[in-house]
Amino acid sequence: MKNCKFLFFILTTLLLTTSTKLKAQEKFGPTPNAQQLAWHEKEFYLFMHFGPNTFTDLEWGKGSEDPNVFNPTAMDCNQWARIAKAAGAKGIIITAKHHDGFCLWPSKFSTHTVRESKWMDGKGDVIKMLSDACKKAGIEMGVYISPWDRNHPKYGTPAYNDIYIQTMKELLTGYGQFFELWWDGANGEGPNGKKQVYDFKRFQDSALSYQPKLIIFSDIGPHIRWIGNEEGIINETNWNLLDTVGFSRGSGGPSTDSLNRGNFNGKAWIPGEADVSIRKGWFYHEEEDKTVKTDKQLFDLYLKNVGRGGNFLLNVPPNRKGLISAADSAALINFKKLRDAAFKTNVFKGATVKNNKNEIEICLATAATFNTIQLQEQIKFGQRVISFEVQAGDSEGSLKKIASSTTIGRKKIIQFPTVTAKCIKVKITAAKASPVMGAIAGYLIKM
Ligand code: FUL
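Thresholds applied
Every residue gets a number counted from 1 within its own chain, in the order that chain's sequence is written. Whole-chain, interface and lining totals are the exception, using all residues; otherwise, since this is a predicted model, local features are given only for residues with pLDDT of at least 70 and side-chain atom pairs are given and counted only at 80 or more. Excluded from the side-chain calculation are hydrogens and water; included are all heavy atoms of the structure. Comment: elements are numbered from the N terminus, with helices defined as DSSP H or I runs of at least four residues and strands as E runs of at least two. Radius of gyration means the value over C-alpha atoms here, while the globule rule gives 2.2 Å times the residue count to the 0.38 power. Under the scheme applied here, a residue whose accessible area is under 20% of the maximum for its type counts as buried, over 50% as exposed, and between as partly exposed, the area being computed with a 1.4 Å probe on protein chains only. Residue contacts are defined here by distance: any two heavy atoms, one from each residue, within 4.5 Å place the two residues in contact. Only the protein chains shown count as cover for residues, with accessible areas throughout obtained via the Shrake-Rupley method and a probe of 1.4 Å. In this tally, Asp and Glu contribute negative charge and Lys and Arg positive charge; neither His nor the terminal groups of the chain are included. Charged side chains are reduced to one point each, which is NZ for Lys, CZ for Arg, CG for Asp and CD for Glu. Whether a residue is near a molecule or strand depends on its heavy atoms: it is near if one of them lies within 4 Å of it. Within 3.5 Å is the distance limit for a polar contact, defined as a pair of N or O atoms, with the added protein rule that one can donate a hydrogen and the other accept it, and that residues adjacent in sequence qualify only through two side-chain atoms. Three categories are distinguished: nonpolar for Ala, Val, Leu, Ile, Met, Phe, Trp, Tyr, Cys and Pro, charged for Asp, Glu, Lys and Arg, and polar for the others, with Gly belonging to the last. By convention, a stacked pair of Phe, Tyr or Trp rings (six-membered ring in the case of Trp) has centres within 6.5 Å and planes under 30 degrees apart, an edge-to-face pair has planes over 60 apart, and any other such pair is tilted. Strand pairing is defined by DSSP finding a minimum of two bridges between the two strands. Here a crossover is taken to be right-handed if, once the strands point away from the viewer, the path from the first strand over the helix to the second is traced clockwise.

*Asks:* Residues and numbers for the overall build of the protein chain, please.
*Replies:* Within the protein chain one finds nine helices and 16 strands. Radius of gyration (C-alpha) of the protein chain: 23 Å, near the 22 Å computed for a compact globule of 447 residues. Per-residue burial over the protein chain gives 60% buried out of 447 residues. When contacts within the protein chain are restricted to residue pairs at least 6 apart in sequence, those whose partners lie at least 24 apart make up 77%. In the form shown here, the protein chain has an accessible surface area of approximately 17900 Å², with 51% of it arising from carbon and sulfur atoms. Once the 58 positive and 44 negative side-chain charges of the protein chain are each reduced to a mean point, those two points are 7 Å apart.

Pasting the structure below:
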């Protein structure tokens, strides 16, 4: 650790009485841009896999399905958006086009779309309906546009790269601002048995020319990264940094371990987004109704993704009616209640805080009982903390170590056996540069 001036700026939740005005700071290493900072603040949003697979019970449609299989009987995007909003999700990312190539909007660049289905007599447009519903509910929207297309006759030829760009253009210029574009790494054969050589450089430049504020997800960013598993779990050590030179999307990507932890000295700010489904599969299958995760399982995942500095992308697939099923909705709403209850009372509120070099001491007027601490770094100045420990006791002289961990980043939530203490010390045991801390809060989470 460079032992230069150790400055801590502890804001909001903790220092209601003694807040220190944030001085201009030097940035250290890679830092997030404005869009990435805004993305970090979203924390939690929904993923929706919906399309012919919902009706055929497949996960990877073949692309040869009759478009008429797509026929939701009571579709209501307002229900999706209302539930997302009530669950505290900041947006919905939908599979506008999955690997089967079926477009949930009437694309001019495909003959395998909602227009060719009997749903709404071929006049429907799921993307429009969802976009309207999200605006109405006050949440944001993102799109998954699979480069792999098992339907398009041009797939596997250079012409497909132009078609993919036109397809993106149609979506990115026709429905207002999206907050995120999701690029899956899968690249299989198209209908002619050939694989495509994707021109991702052009894809990226084009997408950003249509929507400069878009956050693009993939194995290697450019803005946010896959976390290397589909269980929604980020490593306890999580750097928002990644080296991408020499890597490509899909099978040429960094190791899953690198994606899960980031790179200690990574050259670019590419934070992790943890995707996982509320059910076994990504698409709705009735036989998986019993696999819906409980509110407690979702809360546990939240601690392991948002609580480790990443974002939580939870897939909640609409069913054949075109609705979120009751069990999924109940789990989502109860998950929100658990979060609200868990983080309602910051037991450190009103404490006196002392900053001594690499230590923050929190002194309470009366002892508090807690089992969870939430720490934050002001990531706009870079990610700096390598490791830390937490001590607690009745007085400054009787502090005992109660927990330790690695990295903080945007948010770190750590849990330990319940303690009752008047004094708490957060000791930064290693850092790349003087940490610039954000809020510190303590909670007693009963679960
Ligand atoms: C994977 C895809 O192949 C799955 O079908 C799903 O869309 C998931 C989120 O990403 O790689």
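Resuming the write-up.
*Asks:* Talk me through the site of the ligand; I want residue IDs and the actual numbers.
*Replies:* Taken together, Phe47, His49, Trp60, His98, His99, Tyr144, Trp182, Asp184, Glu230, Asp275 and Trp282 make up the full set of residues near the ligand. Between the ligand and Trp60 there is a distance of 3.0 Å, counted from an oxygen atom to a side-chain nitrogen or oxygen. Side-chain polar atom of Tyr144 to an oxygen atom of the ligand: 2.8 Å apart, as the coordinates give it. Taken by itself the ligand offers 300 Å² of open surface, and the protein chains cover 90% of this. Broken down by class, the residue content of the shell around the ligand amounts to five nonpolar, three polar and three charged.

*Asks:* Tell me about the packing of aromatic side chains, residues and numbers included.
*Replies:* Pairs of aromatic rings are described using the distance from one ring centre to the other and the angle between the two planes. Enumeration over the complete set of coordinates arrives at 33 aromatic pairs. Look at Tyr45 and Phe179: their rings are 5.1 Å apart centre to centre, the planes differ by 75°, and that puts the pair in the edge-to-face class. Separated by 134 residues along the polypeptide, Tyr45 in strand 1 (residues 44-48) and Phe179 in the loop between helix 5 (158-174) and strand 4 (180-182) bring together distant segments of the chain. Per residue, the accessibility class of Tyr45 equals that of Phe179, and both read buried. Aromatic side chains Tyr155 and Tyr160 sit 4.8 Å apart centroid to centroid with 70° between the ring planes, which places their arrangement in the edge-to-face category. Since its relative accessible area comes to 1%, Tyr160 is described here as buried. Taken together, Phe44, Phe299, Tyr302, Phe312, Phe335, Phe343 and Tyr443 form an aromatic cluster joined through their ring pairs.

*Asks:* Describe the pairing of strand 9 (residues 272-277), listing the residues and the values that go with them.
*Replies:* Most of strand 9 is tucked away, with six of its six residues classed as buried. Side-chain alternation along strand 9 places Gly272, Ala274 and Val276 on one buried face and Glu273, Asp275 and Ser277 on a second face that is also buried. Bridge count for strand 6 (residues 224-226) against strand 9 is two bridges, and the pairing is parallel. In the strand pairing of strand 9, Arg225 is matched with Gly272. In this view, the connection linking strand 9 to its parallel neighbour strand 10 (residues 311-315) by way of helix 8 (residues 295-305) has right-handed handedness.

*Asks:* Before we move on, can you summarise the pairing of strand 11 (residues 352-356) with the specific residues and values?
*Replies:* Remark: a regular strand shows side chains that alternate across the two faces of the sheet. Across five bridges, strand 11 lies against strand 12 (residues 359-377) in antiparallel orientation. Counterpart to Lys354 in the pairing with strand 12 is Glu361. Count of turn residues in the strand 11/strand 12 antiparallel hairpin: two residues, of which Lys357 carries a positive phi of about 45°.

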